[in-house]
Structure formats: C-alpha cells, structure tokens
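Here is what each chain is made of, one letter per residue.
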Amino acid sequence: MRSRHFSPSRPSSPLHSSTTCNDSPSRHTSFSQTLMEDTINEAGAIIKKWDLDTSSSTSYNRVANLFRDYREEALKFLDAVTNLQHGMHFVIKECSSSELLVQAQNLMQIAMKRLQKEMYTILSGNRYFLDSETLSTRSSRQSTRSSVSDEDEHDDEITNTEASPRASEVEMVSELVMANLKAIANCMIGAGYGKECVKIYNLNRKSVIDETLYYLGVEKLTSSQIQKMDWEMLEKKTKNWLGAVKIAVSTLFHGEKILCDHVFSASDAIRETCFSEIARESAITLFAFPEMVAKYKKLSLEKMFAVLNLYNSISELWDEIELIFSFSSFEIVKSQAMASLVKLGEAARLMLSEFESAIQKDTSKAKAGGGVHPLTRYVMNYLVFLGDYSGAFAEIIGDLPLSVQSPLPESYFMSPIPDEDDSPSSAVSVRLAWLVLVLLCKLDGKAQLYKDVSLSYLFLANNLNYVVSKVKKSNLKFLLGSDWLSKHEMKIRQYISNYERMGWNKVLTSLPENSTAEMSLPEAREWFFKFNSGFEEAYRVQSSWVIPDPKLRDEVKISLSRKIVSGYRIFYEKYRESLRSGGVKSVIRFAPDDLQNYLSDLFYGTGQSEQGTTAYGSASPSVSISTSSPSHGH
C-alpha cells in the first residue's frame, strides 16, 4: 500500500523561497488563491493547536486524548484536515510550485502524526470495549444501519453513537470507539496516509488475536512435536483445542472481521489486506492442529472419538469459516481446514476397519455361566458412542464398502429398514447394523464352545438382549429403526424358548401329559421319582448360570414357573395324601412352593456347578481387543 503524498520529497524547512507561477494571474485566480490561503491558514490554526512536537500547543494538548476528551475539537480537527486537503488539491491544480503547497504539506504531516497517535491510543486503551464478543453481538444492529456519505460519515458516527437506547453501556462505548477509529481511518486514507494507519492498526489487533488464542490454549505446534507426545498430553491439548475453536471462529475471528470491515469500510482493498494480515497466520495455526492429530502414529481404537470430535467441530463450523474467511487471501486458511477434515476422515475410516477386524479376530472364550461377554460390552459401548456422531460419521464413511471376509449364517442377515430411506443417516444405519451383525456372528461361534446346548442358547439370549438394550437406550434406536429392534427381540424369545426346551426337557417330560388322569399309586410314585431326579439335576447344573438383566431374568422365571410348577401342583395335590397314607417316605421331595423358591434362586450365578468351569474348557476369557469402555473423548 502506497502513501499518496503530494510532493516527491518532504521539505526540511517549513517554507520554500517565494515562487511565482509562470501564467499571468487573472483576477479570479488571485481571488481563489487568497481564498485557499485563508482556508489553509484556518485549518493550520486548528491543526497546530494539537501539534505533538512544537511549543505552539500547550503541554496538556500534547498528552491529551483528543477523541476521548474533546469530541467537538476532534470533529473540528477532522474538518480542518479535510479542508486542508481540498486546499492542497486546488493549489496543485492552479500553481504546483506555490509556497502554499509546502506550508500545507507540513500541516498535513503534523495532522497525520497526531491522528496516528490518536489511533494508537484508542486501540491500546480500549481493548475491553473492542473485545470480540461485544463486536459480534452488535453486528446484527450494525448491519441494519443506514449508510451515510463519506463527507458526513465521521460526524454521524461520533455524535450519534447513542442511537440504540437498548444497548448496554459497554456496547455504547464500543460503538463510540469504533466510530472514532473509522473516522480517523477515513481521514488518513483520504489524505494518502493509509499505509501508516494500517500499520498501527495491524500491529495492535494482531497482538489481540495472538494473545486471545494463547489464553484459549491454542499453540503453534509442529508435526514432530505432536509425534513425540504421549497420548495423555495430546489428549489434553485436543480438549483445549475443542474448547477453543468455537470461540475462535464464531467470536474472535468473526468479531475481528466486523471491526476491520467497519473501520476500513471506505476501501475494500484495505479491509481485505488488513484482516488478512491480522488473522491469516493465526487461523492457519488453529486449523493445522487437527490434521497433525489425524497423522498421530499412535492412534488406536479408543482414540476414535477424539478424532470424531475434531472432525465434528470443523464440520459444524464450516459455513461460518467460509463466511468469515471469504476473501481470496484466505484460501490457504480454508484449504488447511479442509485438509484437516480429509485427514481426520481417513484416520476414522482406518480405525473403523481396525475395529471390525478386531471383532472378527477375537479369540477369547465364551463367558462362564452364559453371561454377557466382555466383547459384547465393549463393542456395544463403542457403537453407542459412534451413534452420537451420526452426522460426522455419515460424511466420513461415505461409500466405504462393507468387507465380507467370511460366509455368515443366513439367519443373521437382517438389514435395518430406516424410517427415512433417503435420510443422511441411512448409510450410518447400514454400517452400524453391519458391525452388530459381525459381533453376533462372532458370539454365535463362541456359543458353540459350550458343551451344554441349552447354555449356548442362554448365552446367545443374554448377549443379544444386551445388544438390544443398548440400542433402545441410545441414539442407535433411531438409526437402526423399529423393524430392526422387532426382529432382534423376536430372536431373543427364540433363544429363550430353545433354552427352556433343552435345559428343562427332562423335568417337563417327567410329569404326565394329563395331570388329572387316574393312575395307580406305583405309577404315580414312579412319576414323582422321575420328576425329583430331573429337577435336581437341572437345578444343580444351572445353579451357576446367569441372566444379568433383571427384566429378562424375571420373565424366564415366570415362564419356567408356569410350565413346571403349575403342572406339578395339580399332580401334587392329587396324590399327596394317598402316597403319604401309604407310609412311603421321600417320594414327594418338593412342595409347589419349594419349587418356586428353587427357581427364584436361579440365574444369579452363585452356584458352584461343575458345568460352570468345564463347559468350554476355560473359565477365564482372553479378549483380544480392549474390553474397557471406550473413552468418549469429550
């Protein structure tokens, strides 16, 4: 940016020797020169009053704040500079060698020096009133203000700053400060001193940006520094960045752009250059951090959510980023933000593939007692968290293909039917359903390791019930849909039905089909012997089995009670007295209430059944991926 001075070099003395113009002056020219001489002298009287260097101004005037303490004087000062500039234009046109031009140029330099000092004082002394939050909140009101002409703009801005009675005192002071800065900038740019004005402004406001980002915890780091950090330190810095980026974009950079656009509204070129010099480097630093995290060599499955948080933050702010950094000089900033999005997406896709592969490669044994497997808990907790990122997740997975690495049981192919087939979450729904399917197939293989088939079905019921419960209580419910839930709830009932049929078959078949039918006492006694033996064996085997979910546990107990105790009660009541009167002891081992009590004690996993430790060869699972709940990253 060049300063447009009116003489090729600044004179060393206030006046040149008198010079006569070559053209013969007319009466009109003489009158105009006299008028311009008066104009320049009048302007000079006001300007010299506030001269920072000479003794012509009082010592107080040299240190006073013109725009803060003498608003009317400030207005006169700006008018004097404007009049001086008009006079200089006339003199140049009429007689470019006139000594008036030298005098006017000296006065202009005095005025510009004063305005530079005033701008510096206003900027450095009013940071509180120029904070980004205040500027952002006033932007809507500022956008509705009617524009005024360049000639009267500074008068309107300085004298009518109390236009909004609803504005707070801070906002009113902020508007006054902004009006003063704008008036000074307009005056200096109009006089050809735009370069000097912008230099003072940029130095001050760039320091504000840098200091604010520093206090927000945003650091300028290199990729090498990131790679050398342990995850705990990098996670801390990531959380700092996540807490800072919204403030930095929506408040800090947004407010700074508002201020810059306002102060330098007279020149589109200057306000673009000015805002670019102030904000570009800091914005690049801000948006470079996520890309470096995405390239961190020690990323693992648990770090997925830190990556998704970073991705989400940039994605949600993208419209604001494009709006605030709309100038062509900010293309590098937007490119950096986009590069971070791309790298974060690549990192997330890689971790997602690793997650699926880890499920398929898991070699841990089935759970003792048929309970919920650690793999099930880990995978579902992971998927619940993924469901909370459906927006970012949909953008990231895109057309990432499903990787079928082995044939799967046909019964498991239950694709979700999204409530809105064309919704953005449909791709997420399919991906999440696929990962659940991979888990269920793995669990099906683990169930086959049990020696007792009924325990296999109980294991499958427990784990599928856990899966469905997690879906119901999370965002997965909306992503997978009601049809998916219905199908899998039906599958749980099938598993429980198979468990009851196989686990209690000897008990159920030890009672006559018609408990009221007549039979001899020896026949009745034989039925009781069979029932006692079957029930004792089933109870002993299943005393260490478990149903962790209270609701499912109660449902199974009620179902077993209805099938076993109800039929037994009728048979018991019919032959109890007859067998006892015959003197036969220990034939009737259980009263109906006893059976009810025994069934009530089941499925807590407290028994010491031999089955519990030998059903599949090992009671200690060894899960190949972490079985602790993944960190959400918030």
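Predicted, not measured: the structure shown is a model, and the values here were computed from it.

Let's talk about the overall build of the protein
When you go through the protein residue by residue, the secondary structure sums to 25 helices and 0 strands. A buried classification covers 49% of the 634 residues belonging to the protein. Here the contacts in the protein between residues at least 6 apart in sequence split such that 84% fall between residues at least 24 apart.

As for the packing of helix α19 (residues 453-472) against helix α20 (residues 476-503)
Where α19 contacts α20, the axes come no closer than 8 Å and their chain directions differ by 160°. Put simply, α19 runs roughly antiparallel to α20. The way α19 lies across α20 gives a crossing that is left-handed. Of the residues in the contact of α19 with α20, the class split is 18 nonpolar, 5 polar and 4 charged.

Quick word on the confidence of the model for the protein
Taken as a whole, the protein shows an average pLDDT of 81; of its residues, 77% reach a score of 70 or greater. The least confident element of the protein is helix α25 (residues 611-614), whose mean pLDDT is 35; the most confident is α19, at 96. Predicted confidence for residues 1-20 stays below pLDDT 50, and this span has 42 contacts to residues more than four positions away or in other chains. The low-confidence segment residues 159-166, where pLDDT is below 50, has 10 contacts with residues more than four positions distant or belonging to other chains.

Topic: the environment of Gly 345
You can see Gly 345 is positioned in helix α15 (residues 331-361). For Gly 345, a relative accessible area of 3% corresponds to the buried category. Counting along the chain gives 50 residues from Gly 345 to Glu 395, while the straight-line C-alpha distance between them is 8.2 Å. Setting aside residues up to four positions removed in sequence, Gly 345 forms contacts with Tyr 311 and Ile 396.

Structural notes on unusual backbone geometry
One non-glycine residue, Phe 603, lies in the positive phi region at around 75°. Locating Phe 603 in the fold gives a position in the loop between α24 (592-600) and α25. Given a relative accessible area of 0%, Phe 603 falls into the buried group.

Some thoughts on the pattern of salt bridges
For the coordinates displayed, the defined rule picks out 24 salt bridges. A salt bridge links Glu 281 to Lys 220; the shortest N-O distance between them is 3.4 Å. A residue pair is termed long-range when its members are at least 10 positions apart, and Glu 281 in helix α12 (residues 268-294) and Lys 220 in the loop between α9 (194-216) and α10 (223-228) qualify at 61 residues. The class for Glu 281 is partly exposed, based on a relative accessible area of 42%. Classification of Lys 220 by relative accessible area gives exposed; the value is 62%. Notably, a salt bridge pairs Lys 563 with Glu 500, separated by 2.6 Å at the nearest N-O pair. Remark: Glu 500 occurs in helix α20 and Lys 563 occurs in helix α23 (residues 550-581); sequence separation between them is 63 residues.

Let's talk about a negative patch on the surface
Residues Glu 37, Asp 38, Glu 42 and Glu 99 make up a contiguous surface patch of negative charge. With 3 residues, the single largest contributor to the negative patch is helix α1 (residues 27-49). Positionally, Glu 42 belongs in helix α1.

Quick word on the side chain of Glu 500
Given the relative accessible area of 3%, Glu 500 is considered buried. At 2.9 Å, the side chain of Glu 500 forms a polar contact with the side chain of Ser 559. A distance of 2.6 Å separates the side chain of Glu 500 from the side chain of Lys 563, its partner in a polar contact. Leaving out residues up to four positions away in the same chain, Glu 500 has contacts with Asn 505, Leu 508, Val 556, Ser 559, Leu 560 and Lys 563.

Quick look at the side chain of Ser 276
Within the secondary structure layout, Ser 276 lies in helix α12. Polar side-chain contacts of Ser 276 include one of 3.3 Å to the side chain of Ser 329. Other than its neighbours up to four places away in sequence, Ser 276 contacts Ser 329 and Phe 330.

Details of the environment of Ala 294
Topologically, Ala 294 is positioned in helix α12. Considered as a pair, Ala 294 and Leu 310 are 16 residues apart in the sequence and their alpha carbons are 9.2 Å apart. Residues in contact with Ala 294, not counting those within four places in the same chain, are Leu 299, Lys 343, Leu 344 and Ala 347.

Here's the deal with the environment of Leu 84
In this fold, Leu 84 is placed in helix α4 (residues 71-94). Taking C-alpha positions, Leu 84 is 6.8 Å from Ala 104, a pair spaced 20 residues apart along the chain. Aside from chain neighbours lying at most four places away, what touches Leu 84 is Ile 40, Ala 43, Ile 47, Ala 104, Leu 107 and Met 108.

Regarding the state of the cysteines
Counted under the stated rule, the structure contains 0 disulfides. Free cysteine: Cys 187, not disulfide-bonded; nearest cysteine sulfur from Cys 197 at 9.7 Å. Residue Cys 187 is classed as buried on the basis of its relative accessible area, which comes to 10%. The closest cysteine sulfur to the non-disulfide-bonded Cys 197 is located on Cys 274, 7.9 Å from its own sulfur.

So, the packing of helix α18 (residues 426-447) against α19
Packing of α18 against α19 leaves a shortest axis separation of 9 Å and a crossing angle of 160°. In terms of their interaxial angle, α18 and α19 are classed as roughly antiparallel. Helix-helix and strand crossings are classified by hand; for α18 and α19 the assignment is right-handed. The residues of α19 that touch α18, namely those facing Val 436, Leu 439, Leu 440, Leu 443, Asp 444, Lys 446 and Ala 447, are Ser 456, Phe 459, Leu 460, Asn 463, Leu 464 and Val 467. Considering only residue class, the contact of α18 with α19 consists of 9 nonpolar, 2 polar and 2 charged.

Calculation rules
Residues numbered from 1 in each chain as written. Predicted model: local features only at pLDDT ≥ 70, side-chain atom pairs only at ≥ 80, totals over all residues. Heavy atoms only, no water. Helix = DSSP H or I, 4+ residues; strand = E, 2+ residues; numbered from the N terminus. Buried < 20%, exposed > 50% of the residue type's maximum accessible area, 1.4 Å probe, protein only. Contact = heavy atoms within 4.5 Å. Axes fitted to C-alpha atoms, helices over the stretch in contact; angles between N-to-C directions. Parallel < 35°, antiparallel > 145°, perpendicular 65-115°, else oblique. Left-handed = near helix turned anticlockwise from the far one by under 90°. Nonpolar A, V, L, I, M, F, W, Y, C, P; charged D, E, K, R; others polar. pLDDT = per-residue confidence, 0-100. Salt bridge = Lys/Arg side-chain N within 4 Å of Asp/Glu carboxyl O. Patch = residues over 30% accessible without salt bridge, like charges linked within 9 Å, V, L, I, M, F, W, Y side chains within 5 Å. Areas by Shrake-Rupley, 256 points an atom, 1.4 Å probe, with all protein chains shown as cover. Lys, Arg positive; Asp, Glu negative; His and termini not counted. Charge placed at Lys NZ, Arg CZ, Asp CG, Glu CD. Polar contact = N/O pair within 3.5 Å; in protein donor to acceptor, adjacent residues only side chain to side chain. Disulfide = S-S within 2.5 Å.

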